[in-house]
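Observations on chain architecture
One-letter residues, chain by chain:
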Amino acid sequence: MSHSTGESPRQAQLRTPLGRVRGAGSAKSGVAHWWGQRVTSIALLPLTIWFIASLATSAGMPHHVAQAWIGHPLNAVLLLALIGLTFHHIAAGLQVVIEDYVKPEGRKMAAVLAVKFACTLLALAAALAVLRIAV
């Protein structure tokens with residue numbers, strides 16, 4: 001068993017299991033993904049509270065009043081932020097699940113691409129709906 005560290009097979013056999021795997025991880029590529037999930041979670045918290053509170057206070061609102069509410073610049077910007085962050089967070093979370101539990105590499109790649117495509121398409125459709133009302 002040859003390692004990229006340049007050690008002989010005999011040296012590799014003498015190392016502990018922890019010593020053999022140390023440094024053979026993801027080269028810290030998962031750290032950015034992990035932080036991204038935390039940042040979007042924190043950003044989504046006040047946006048979601050704002051959205052739920054807005055929905056709760058606007059129950060029974062006529063259609064033209066709801067359109068005017070969406071058309072207000074602050075509401076439109078917050079809705080677009082909510083849409084973008086929500087679908088980004090969903091795609092990132094599902095990617096982690098797929099990478100952890102889908103085993104054949106081809107299936108894993110296809111599933112990640114399908115999730116990213118679907119989330120992008122749905123986010124664009126939702127953003128377009130807001131923009132059509134707001135502009």
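Residues numbered from 1 in each chain as written. Predicted model: local features only at pLDDT ≥ 70, side-chain atom pairs only at ≥ 80, totals over all residues. Heavy atoms only, no water.

Quick word on the UniProt feature "transmembrane region" (unreviewed entry) in the protein
Selection criterion: UniProt positions are given in the numbering used here, feature names are shortened, and annotations may be inferred rather than shown by experiment. By the criteria applied, helices consist of DSSP H or I runs no shorter than four residues and strands consist of E runs no shorter than two, each listed in order from the N terminus.
Feature annotation in UniProt places "transmembrane region" (unreviewed entry) on residues 42–62, 74–98 and 110–134, given in this structure's numbering. In residues 74–98, the share of helix is 100% and the share of strand is 0%. The end C-alpha atoms are 36 Å apart. End C-alpha atoms of residues 110–134 are separated by 36 Å, and the span's content is 100% helix alongside 0% strand.

Considerations on the environment of S54
Heads up, the rule is: Partly exposed describes any residue whose relative accessible area lies between the buried limit of under 20% and the exposed limit of over 50%, with all areas from a 1.4 Å probe on protein chains only and scaled to the type maximum. By the criterion applied in these results, polar contacts are pairs of N or O atoms within 3.5 Å in which, for protein atoms, one can donate a hydrogen and the other can accept it, and in which residues neighboring in sequence qualify only through two side-chain atoms.
Mapped onto the secondary structure, S54 falls in helix α3 (residues 29–57). Judged by relative accessible area, S54 falls into the buried class, the value being 13%. A C-alpha to C-alpha distance of 9.7 Å links S54 and W69, two positions 15 residues apart in sequence. A distance of 2.8 Å separates a polar side-chain atom of S54 from the backbone oxygen of W50.

Points about the packing of helix α4 (residues 63–71) against helix α6 (residues 105–134)
The cut-off we apply is this: Axes here refer to lines fitted to C-alpha atoms; in helices the fit is confined to the stretch in contact. Angles between the N-to-C directions go from 0 to 180 degrees. Any angle between 65 and 115 degrees counts as roughly perpendicular, while under 35 counts as roughly parallel, over 145 as roughly antiparallel, and the rest as oblique. In what follows, residue pairs with any heavy atoms lying within 4.5 Å of each other are defined as contacts. For this classification, Asp, Glu, Lys and Arg are treated as charged, while Ala, Val, Leu, Ile, Met, Phe, Trp, Tyr, Cys and Pro are nonpolar and the rest, including Gly, are polar.
Orientation of α4 relative to α6, taken along the N-to-C sense of each, is 100°, at an axis distance of 8 Å. By the angle class used here, α4 and α6 are roughly perpendicular. Residues Q67, I70 and G71 of α4 form the contact with α6, whose participating residues are V130, I133 and A134. Partitioning the contact of α4 with α6 into residue classes produces 4 nonpolar, 2 polar and no charged.

Considerations on the packing of α4 against helix α5 (residues 73–101)
Running from amino to carboxyl end, α4 crosses α5 at an angle of 75°, the nearest separation of the two axes being 5 Å. Comparing the axis directions of α4 and α5 gives the class roughly perpendicular. Across the interface between the two elements, W69, I70 and G71 from α4 touch P73, N75, A76 and L79 from α5. Along the lines of polarity and charge, the residues of the contact of α4 with α5 split into 5 nonpolar, 2 polar and no charged.

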